[in-house]
Amino acid sequence: MNIHDYGFYRVAAVVPPCAVGDCAGNAERIISALRKSAEMGADIAVFPALALTSASCGILFGQRSLLNAAEDRLAYIVRQTTMDPIIGIVGFPFFFSGNIYSVVAVFSRGTIYGIVPLDGTAHSRVFSVYSGRESSTILTGLQNTAIPFGSDLLFEVEKSRFSFVIGSPKNIQNQSQAGIKDGSPATGSTLTVTGAALYIEPLAQASFAGSFTELCRSAAARSKQERNTVLFVNAGWGESTTDTACAGERGIYENGELLAAANGFELSAFNKTGDFDFSDYEDEAAITLADMDCEAPSGFGRSPSACRRIDIPVIPSRGVLLVRPRNPNPFIPLAVQNNESAWESFFSQVTELQARGLAKRMYHTGCTKTVLGISGGLDSTLALFISVLASRMLRQKPDSVTAITMPGFGTTDRTKSNALKLAELLGCTVLTIPIEKAMLQHFADIGHPTDLCNTVYENAQARERTQILMDKANQLGALLVGTGDISESALGWETYNGDHISMYNVNAGIPKTMLRHCIRYVVAYPTAFLPDADKHTEFRAIVQDILDTPISPELLPAQKQVITQKTEDILGPYELHDFFLYYLLHTDFSPAKILLLAEHCFSTEQRYNRQQILGCMRIFYRRLFSQQFKRSCAPDGVQVGFGSFSPRGSWQMPSDMNAAVWLAELEKLSEV
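Residues numbered from 1 in each chain as written. Predicted model: local features only at pLDDT ≥ 70, side-chain atom pairs only at ≥ 80, totals over all residues. Heavy atoms only, no water.

Ordered in space as 13-12-11-10-9-8-15, the 7 strands form an open sheet in which the pairing is mixed. One side of each edge strand has no neighbouring strand; the edge strands of this open sheet are strand 13 (257-262) and strand 15 (308-312). Taking the axes of each pair of neighbouring strands and ignoring which way they run, one obtains an average angle of 20° across the sheet. Judged from the 5 bridges that link them, strand 10 (residues 198-202) and strand 11 (residues 229-233) form a sheet pairing that is parallel. The partner of isoleucine 200 across the bridge, within strand 11, is leucine 231. (Pairing = 2+ DSSP bridges. Helix = DSSP H or I, 4+ residues; strand = E, 2+ residues; numbered from the N terminus. Axes fitted to C-alpha atoms, helices over the stretch in contact; angles between N-to-C directions.)

Take a look at the structure:
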């Protein structure tokens, strides 16, 4: 298997050093960079606009000598790279139909497949604005066969495995200043073709303070809007600095997320590579392309039906080693993980949405109180914080939140103590209602041996606790707040009609790994939850111990007050389950592709090997299918953006769906 089989293709944004007007020298550097990119496994190498001549030749772009030299050296590059397994995209000045254009040539294995003019709103007096009326097939000295020319070219690789177009971003910065003086155009028009998996933007514009940020922001926004990949690459080292400088900015963004980007004046050839995933776009495009085969809105670009499709034959397959950012916790964007202020803002919004959802439900039902069970675990801790925050939103006192601890056979002093101290510190009404006596009576009533610690033994305790909470909520005229998270819902790690049920579940859209970050956010910024600053030190110590406590339902007898029932020992690590869950909710990826991504993220750090990941995947898929009946009648709960299993939302799955196809694929993967 190779990365193409999984829908990944490798692209390189290449900025070789150039010499102004030195077509021969620039051509040699481009050839060297193409070959290096091919050695790195790139399928496509993209160079800046006018890379063959440099972008700062000024009025001399109108000289036929320079134009002829550029065309001759392009033909030389194409011939010299005939045996190199890569698609090259190189910019040069081109004389056609009485006009001079800044264009790029798309070539591979000795054949030029198309020439695309780059348009813009600011041009020098040499380059013409391409109107689109000259679209044609041309004959030049570049090769014996005709070459498609125009901005309406949609290039399809490997018989439509994926497609790409070439254009320019719109309004990257103030175009009145962006052009290189007396030289190249500062390309700035909108893309001419919509509906491609990859948008390629070769640039030749002056760099200013902040221009790299603006380029990245624009590319991220457009890739997210179109749900595809955007690659931009600007001219760099060697361009004239008579009046301005070019920084060689380049970046690759997939669906709004950064794959690779860099900004600097490197003195040698340099590139940024990334493996973009066309299959995720392909799923979206299957719907949108049909809708786009009509006249496109003004400024939006041509629809695929108005394009000339150019097929580029099969390029050799690559190996399976991915070049992508590693994010073992994909529910949290890397941009959030690597920036403290972004992290604070992100989790502030998460907890705010949870609390607003609960506050709205309380307001609608007329409930001024809430009830929840607290265990000293992660889920109930976050639910407690959210309940307190919601009470503050409604201008109620914290004691309107009734927190109930219900110690049973497996409850340890550590978890019980943490739960009680935390609720008391927050100012909640705190109750302790032991369940041991009720459970012994219940076991006697149904004829269940008290020393038989099976499913009946565990689930009966969960249902007893839910009964207490429901009845207490009725007694107080309160709303019962659920604590279960979306990771537990995916695995069915909840007791049907036990902790599975509540009146409103604030954690319904929060994965287990996200819970830890939400709680850490509260620890870092506790004022909204606990205004009294004198209590913050004690508060942080309690919560930190909760974070350090192993995840456990505490339903089996504890030995010497030590937790014996650890969830991750039974199910496997939650960080793996949440990784699978993310791609289940957000993509249609097969188990094989999710395994590839998991190995990419976890195996390189020697956290989990292939067999450990596969073992966890078997548990995930087996339980996912077998436990759907619990999700089919889940209580209401706000979705904060990470996904949802709500039967009223987008998740539609029969409770009797068979997992055989998915489990069979996992077995085949185990044999590799």
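Following the structure, the description resumes.
Of all 7 residues in strand 5 (residues 111-117), 6 are buried, a share of seventy percent or more. Two strands pair when backbone bridges link them, and strand 4 (residues 99-108) and strand 5 are joined in this way by 6 bridges, in the antiparallel orientation. In the strand pairing of strand 5, phenylalanine 107 is matched with isoleucine 112. Counted along the chain from strand 4 to the antiparallel partner strand 5, the turn is 2 residues long, and its residue arginine 109 has a positive phi close to 50°. (Buried < 20%, exposed > 50% of the residue type's maximum accessible area, 1.4 Å probe, protein only.)

Right, let's talk about the packing of aromatic side chains for a bit. With the rule as written, the count across this model stands at 27 aromatic pairs. An aromatic cluster is defined as three or more aromatic residues linked by ring pairs; in this entry it consists of Phe331, Phe579, Tyr582, Tyr583, Phe589, Phe602 and Tyr608. Sitting over the ring of tyrosine 574, lysine 512 keeps its end group 5.1 Å from the ring centre. Lying over the aromatic face of phenylalanine 589, lysine 593 brings its terminal NZ or CZ to 4.1 Å of the ring centre. (Phe/Tyr/Trp six-rings, centres within 6.5 Å; stacked < 30°, edge-to-face > 60°. Lys NZ or Arg CZ within 6 Å of the ring centre and 35° of its normal.)

With that settled, consider helix 18 (residues 610-626). Compared with an ideal rise of 1.5 Å per residue, which puts 17 residues at 24 Å, helix 18 spans 24 Å between its outermost C-alpha atoms and is within 8% of the ideal. Those residues of helix 18 lying buried are Ile613, Leu614, Cys616, Met617, Ile619, Phe620, Tyr621, Leu624 and Phe625. Buried residues along helix 18 sit against helix 12 (486-491), helix 15 (567-571), helix 16 (574-586), helix 17 (591-602), helix 19 (628-631) and helix 20 (660-671). Measuring from the backbone nitrogen of glutamine 611 back to the side-chain oxygen at the start of helix 18 gives 3.2 Å, which picks out asparagine 609 as the cap. (Expected span 1.5 Å × (residues − 1). Contact = heavy atoms within 4.5 Å. Polar contact = N/O pair within 3.5 Å; in protein donor to acceptor, adjacent residues only side chain to side chain.)

What follows deals with the pairing of strand 17 (residues 401-405). Burial runs high along strand 17: 5 of the 5 residues are buried. Burial along strand 17 is two-sided: Val401, Ala403 and Thr405 and Thr402 and Ile404, pointing in opposite directions, are all buried. By the bridge criterion, 4 bridges tie strand 16 (residues 370-373) to strand 17 in an arrangement that is parallel. Residue pairing across strands places leucine 372 opposite alanine 403, the latter belonging to strand 17. With helix 8 (residues 378-393) bridging strand 16 and its parallel neighbour strand 17, the resulting β-α-β unit is right-handed. With 4 bridges connecting them, strand 17 and strand 18 (residues 429-432) associate as parallel partners. Looking at the pairing, isoleucine 404 lines up with leucine 431 of strand 18. Read as a crossover between parallel neighbours, the route from strand 17 over helix 9 (residues 413-425) to strand 18 is right-handed. (Right-handed = clockwise from strand over helix to strand, strands pointing away.)

Spatially, 18-17-16-19-20 is the arrangement adopted by the 5 strands of the open sheet, whose pairing is parallel. Strand pairing shows two members of the sheet lacking a second neighbour, strand 18 and strand 20 (504-505), which therefore form its edges. Helix 7 (residues 340-365) contacts strand 16, strand 19 (479-482) and strand 20 of the sheet and is inclined by roughly 160° relative to strand 19. Each of strand 17 and strand 18 is contacted by helix 9, which is oriented at about 155° to strand 18, the strand it contacts most.

Now for unusual backbone geometry. With phi around 60°, leucine 50 is a residue other than glycine that occupies positive phi space. Take leucine 50: it is sitting in the loop between strand 2 (44-46) and helix 2 (64-80). Given the relative accessible area of 0%, leucine 50 is considered buried. Even without a glycine there, the phi angle at asparagine 255 is positive, about 50°. Along the chain, asparagine 255 falls in the loop between strand 12 (250-254) and strand 13. Under the relative-accessibility criterion, asparagine 255 is labelled partly exposed at 23%.

Attention now moves to the nonpolar core. In a soluble, globular protein the nonpolar side chains are often hidden away together inside. Leu384 and Phe580 are the most contacted members of the largest nonpolar core, which totals 95 residues. In this structure leucine 384 touches Leu372, Ile374, Val401, Ala403, Leu422, Ala423, Leu426 and Cys428, once residues within four positions along its chain are discounted. Formed by 79 residues, the second largest nonpolar core is a distinct cluster that contains Val90, Tyr101, Val104 and Phe164. (Core = buried A, V, L, I, M, F, W, Y, C linked by side-chain atoms within 4.5 Å.)

This next bit is on the confidence of the model for the chain. Mean pLDDT for the chain: 84, with 86% of residues reaching 70 or above. Confidence drops under pLDDT 50 across residues 170-192; counting only partners more than four residues distant or on other chains, this segment forms 87 contacts. Under a pLDDT of 50 for its full length, residues 281-301 has, in the predicted model, 33 contacts with residues more than four places off or in other chains. (pLDDT = per-residue confidence, 0-100.)

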